[in-house]
Amino acid sequence: MAQDNRCSSGRSLAVLLSLCFFQFQSAFSGAGEEPLVDSALRPKCDSQFVSVAGGPTNGTFTAPVFENSGGQSVQCVYTFVAAPNQRVEVVFTAFNLRGTPPECIHEYLDVYSEVLQAEAKDLVNSPFGGRYCGDIAPRRRISLYRSVALSFHTDKNFTTADLFAGRYTFFNDTEYQIGNLTGSSPCSFEIHAEAKRQGTIISPTYPGVYPKDLYCSYLFLGKKGQRIRLEFRDFDLFYGGPHCPFDVVKIYDGRTNDSAIIGTYCGQQRNLYIYSSDNEVLVTFETLQRTANTQNRGFKGIFEFSESFVKLDFIVKNDGEHIRGTECDQKILSKKGSNGFVYSPNYPYPYHPKIVCRYFIYGMQDSQNLERVRLEFSLFDIPKGDKGDCSDGYLKIYLKGQETTDSYDKFDHELCGEDTKTSSVVSDGPRLVMIFSSGELQGRGFKAQYIFETEYRVPGTAAPDGSCAFSYQSASKKRGEFNSPRFPGNYPSSTNCTYTFITSINEQVVIIFEQFKVRADSANTSVAQYGFDNCHEDWVEISNLYRDGGVHLIGRYCGATSPGPIESSLGAVGLRIFLRTDAEGVYSGFKARYAFEPAKPMFGDCGQNLSSSDYGVITSPNFPTKYSGPQKGGSRSVCSWFITVRPNHRILLNFDFFFIEGDPPTRGCSAAVIRLWHTLSGLPLEFCGEKPPKDNWQYLSDGNVMKLSFVVADKSVGGEGFRAVWTEVAVAPKTCSEFKCAKNSYCIADNLRCNSVANCGADDSSDEANCKGYAPSKENSSLLLSLGFFLLLRS
């Protein structure tokens, strides 16, 4: 039976431990010897439990029973002393002290589990393991060395045995001898593969509460060609935050803490498996000195040195990087448009059975870049199981970023067999992940090329080479949407994107822009931002395509000036839209829709051919009331006027009224637009918005032909429209046999004088001067009547 020794009560713990010095000496010097201390000094409530040869290895204890009628402060010390090469475990089975934590003023129990030597100065200075009262018992304690001490304090009038109870066990400490002790720490070891290929790694007092202010190290030294595997089966440290600023386990991929760190761990960890990259690994365990009464138990795991773990050369032969701490996981990060190969473990030789390797292949994703991953297999051989399925070994492929939510059960492809129909796969975003798992059967494995290509997120048929090129065929789909790369996010810099729309016979394709914002730093924001003079940084160009391969540019656009509704020309086979971005800043780009519709006549819905006249008036449909949109089901209405005058003459066009929905500098002309061609082979001017009454909007053709086109999209809300006067003029002729304009020197027909129309231009009224008593020619009477009616309506 364990020895029971008693000393005087009512002393402080320091004095008490001093008086118990000889009892500890007796316990450490030999079992059963009487301590050399006067029996009158022994407190009647102290108890000592000592492991002796041939004696019991466990027992129980309870709270002392005595009366204290004077209510004096009484302390009782319970000491548990193990034999050499032993430790002691103390577990409480009942606990109900009077008092409320954390004050614990009148009754409490102090715990000491780090007693190093049975000397008074060491006992007094032993680290304090916590103070307890109330009904929450101290957790299990394992001695760091050979002893545990409990100090019970009370000033109550009596005590009973049911205040606390527990059991103690003396046991062999072999499990805590991980390897060869190094340094002065009781828990720093070197573990050599020659001495122990596998074994247990355990924190110093597991499964009892681990000590505070402790540093432990475990250095595993394997043979050349070996790797080390650590498996933590129980892990419970105080959690101080995600960066583990307090108690922490750190694992280094080498022999010192200057080596690359595999991981930093605290809190509770599950399924924690660690592999070294080479034959050395260092584990450190550090706890801080804190007043907080933490009661975490530490960790326990197993280690193994082995030559059979996966060799990592199948990773380093390409741009892959081994993920430290794993057996064979790797990551491959894009170097912008880069490519390379991935292999099964041990390639080109058969892979080993029962291994699992993960491949994380990540394209670029930032404000300037968005890539996807294309994977193309050139060899695949993973034998199927007995049932002809992938139950023995497989390669699972994840294309939608399932690894970010640990959704590994939601794979996109599961491949096995000697051949696979999935010879090429493409990720939905910047991430592609593979998991290779080998079973009992061996195969040659796989070889695949990965290619990082820009992810454009554009609806349409993408070019097979991964370039930013998309096609839209009328035969496949009559209507749809398209956008700049990554819209509504910013398009990438240094990119050229092409959108090709091909019509069927007797069709035209119509493009209507919904949103438009393309970078144009050098453009004048007070005017429309289109054309070669304004668009120098990023731009959108729209062109007609012809069967012979010819390309006819319609316009270049940038800034916020959205292109107006556009239809392909008669005779063209479609349209091409080209987005060009430079290496500087980026904007959100554009979103648009397309429609393949039956071709309209040359003049559209309401235009005509104008010739054999000196001048004329062109108005929008329904003018001077609002114009309307296209008929139901159509995406646009079009009116085109072709004006032809005599050779060696030109056309002066003057808008005397203009109100078309839109605003070129701020949002463009996406709902309705006027296009004006100076010559049929040149680029048109585009107009929308409102003309201030005093502004001069007049334009002169380059030759004797001019085209005016008014296009209204189905999203139009209508506007008051426009009125334009065109006049045949001769510019700076040597002689003018008719009327010569005073300011512009244009030569116009004499019968246009005094017809109440500014045929000389908005800034030259000479043709309407001195008209008192002047009678216009008969051929202009109808035009004058029309003009007078218009002016009456506008007044």
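Residues numbered from 1 in each chain as written. Predicted model: local features only at pLDDT ≥ 70, side-chain atom pairs only at ≥ 80, totals over all residues. Heavy atoms only, no water.

With respect to the sheet that holds strand β36 (residues 507-517)
The four strands are arranged β34-β41-β36-β39 in an open sheet whose pairing can be described as antiparallel. Edge strands, defined here as strands with exactly one partner in the open sheet, are β34 (479-483) and β39 (566-567). Judged from the 10 bridges that link them, β36 and strand β41 (residues 589-598) form a sheet pairing that is antiparallel. Looking at β41, one finds that glutamine 515 is bridged to lysine 591. (Pairing = 2+ DSSP bridges. Helix = DSSP H or I, 4+ residues; strand = E, 2+ residues; numbered from the N terminus.)

Description of the side chain of threonine 159
Position of threonine 159 among the secondary structure elements: in strand β10 (residues 158-159). Judged by its relative accessible area of 3%, threonine 159 is buried. Engagement of the side chain of threonine 159 in a polar contact is seen with the backbone oxygen of proline 64, the distance being 2.6 Å. Setting aside residues up to four positions removed in sequence, threonine 159 forms contacts with Pro64, Val65, Phe66, Arg98, Phe152 and Thr154. (Buried < 20%, exposed > 50% of the residue type's maximum accessible area, 1.4 Å probe, protein only. Polar contact = N/O pair within 3.5 Å; in protein donor to acceptor, adjacent residues only side chain to side chain. Contact = heavy atoms within 4.5 Å.)

Describing the environment of cysteine 244
Structurally, cysteine 244 is set in the loop between β16 (227-236) and β17 (248-252). Classification of cysteine 244 as buried rests on a relative accessible area of 7%. Counting along the chain gives 21 residues from cysteine 244 to tyrosine 265, while the straight-line C-alpha distance between them is 6.8 Å. When neighbours within four sequence positions are excluded, cysteine 244 is seen to be in contact with Thr264, Tyr265 and Cys266.

Thoughts on the nonpolar core
By size, the foremost hydrophobic cluster in this structure holds 35 residues, and its most contacted members are Tyr218, Phe220, Leu230, Ile251 and Phe299. Every residue in contact with phenylalanine 220, bar those within four places of it in the chain, is listed here: Ile191, Ile201, Ile228, Leu230, Asn279, Glu280, Val281, Val283, Phe303 and Phe305. Counting 32 residues, the second-largest nonpolar core is a separate cluster that includes Phe314, Ile361, Leu375 and Leu415. (Core = buried A, V, L, I, M, F, W, Y, C linked by side-chain atoms within 4.5 Å.)

Observations concerning the pattern of salt bridges
Taken as a whole and assessed by the stated rule, the structure comprises 36 salt bridges. Between arginine 297 and aspartate 234 there is a salt bridge, and its shortest N-O distance comes to 2.7 Å. A residue pair is termed long-range when its members are at least 10 positions apart, and arginine 297 in the loop between β20 (280-287) and β21 (298-306) and aspartate 234 in strand β16 qualify at 63 residues. Under the relative-accessibility criterion, aspartate 234 is labelled buried at 18%. The salt bridge involving arginine 324 is made with aspartate 253; its shortest N-O contact spans 2.6 Å. (Salt bridge = Lys/Arg side-chain N within 4 Å of Asp/Glu carboxyl O.)

A closer look at the pairing of β36
Most of β36 is tucked away: eight of the 11 residues are buried. Across two bridges, the pairing between β36 and β39 is antiparallel. Paired with valine 510 across the bridge in β39 is glutamate 567.

Considerations on the side chain of aspartate 46
Checked against the element boundaries, aspartate 46 lands in the loop between α2 (21-29) and β1 (47-50). Looking at aspartate 46, the relative accessible area reads 1%, which means it is buried. Separated by 2.9 Å, the side chain of aspartate 46 and the backbone nitrogen of valine 77 make a polar contact.

Focus: the packing of aromatic side chains
Following the criterion strictly, the structure yields 67 aromatic pairs and no others. Residues phenylalanine 603 and phenylalanine 642 carry aromatic rings whose centres are separated by 5.8 Å and whose planes lie at 70 degrees to one another, so their mutual orientation is edge-to-face. One end of the pair, phenylalanine 603, is in the loop between β41 and β42 (608-610); the other, phenylalanine 642, is in strand β44 (residues 636-644), with 39 residues separating them in the sequence. The class for phenylalanine 603 is partly exposed, based on a relative accessible area of 27%. Take phenylalanine 642: its relative accessible area is 15%, and that puts it in the buried class. (Phe/Tyr/Trp six-rings, centres within 6.5 Å; stacked < 30°, edge-to-face > 60°.)

Some words on the pairing of β16
When you tally the buried positions in β16, you get nine out of 10 residues, the bulk of the element. Two strands pair when backbone bridges link them, and β16 and β21 are joined in this way by nine bridges, in the antiparallel orientation. Opposite isoleucine 228, over in β21, you have phenylalanine 305 as the bridge partner. Judged from the four bridges that link them, β16 and strand β19 (residues 272-275) form a sheet pairing that is antiparallel. Paired with glutamate 231 across the strands is tyrosine 273, a residue of β19.

What about the layout of surface pockets?
If you add up the space inside the largest pocket, you get close to 520 Å³. The wall of the largest pocket is formed by 26 residues, among which Asn544, Ser569, Leu570, Trp677 and Lys707 lie closest to the centre. Breaking the lining of the largest pocket down by element, the ones donating at least two residues are β38 (551-557), β39, β44, β46 (672-677) and β50 (705-713). Its residues assigned to classes, the lining of the largest pocket shows 13 nonpolar, nine polar and four charged. Looking at the second largest pocket, its volume works out to about 330 Å³. (1 Å grid on protein atoms, 1.4 Å probe; cavity = no way out; pocket = protein on both sides within 12 Å on 5 of 7 lines; lining within 4 Å. Points joined across faces, edges and corners; volume = space filled by probe spheres on them. Nonpolar A, V, L, I, M, F, W, Y, C, P; charged D, E, K, R; others polar.)

A word on the environment of cysteine 754
Here cysteine 754 is to be found in the loop between β53 (746-748) and α5 (781-794). Considering only alpha carbons, one finds cysteine 754 and tyrosine 774, 20 residues apart in sequence, at a separation of 7.0 Å.

A few points about the state of the cysteines
What the rule picks out here adds up to 13 disulfides. There is a disulfide in this structure between cysteine 45 and cysteine 76, and the S-S distance comes to 2.0 Å. Torsion about the S-S bond of the cysteine 45 and cysteine 76 cystine: about -100 degrees, corresponding to left-handed handedness. Highlighted residues: cysteine 45 in the loop between α2 and β1 and cysteine 76 in strand β4 (residues 74-81), separated in sequence by 31 residues. (Disulfide = S-S within 2.5 Å.)

Some remarks on the sheet that holds strand β15 (residues 214-221)
Ordered by their spatial adjacency, six strands build an open sheet running β12-β13-β15-β20-β17-β18, and the pairing between neighbours is mixed. Looking at the sheet topology across the chains shown, the edges are occupied by β12 (180-181) and β18 (261-265). By the bridge criterion, five bridges tie β17 to β20 in an arrangement that is antiparallel. Pairing of valine 249 across the sheet is with phenylalanine 285, part of β20.

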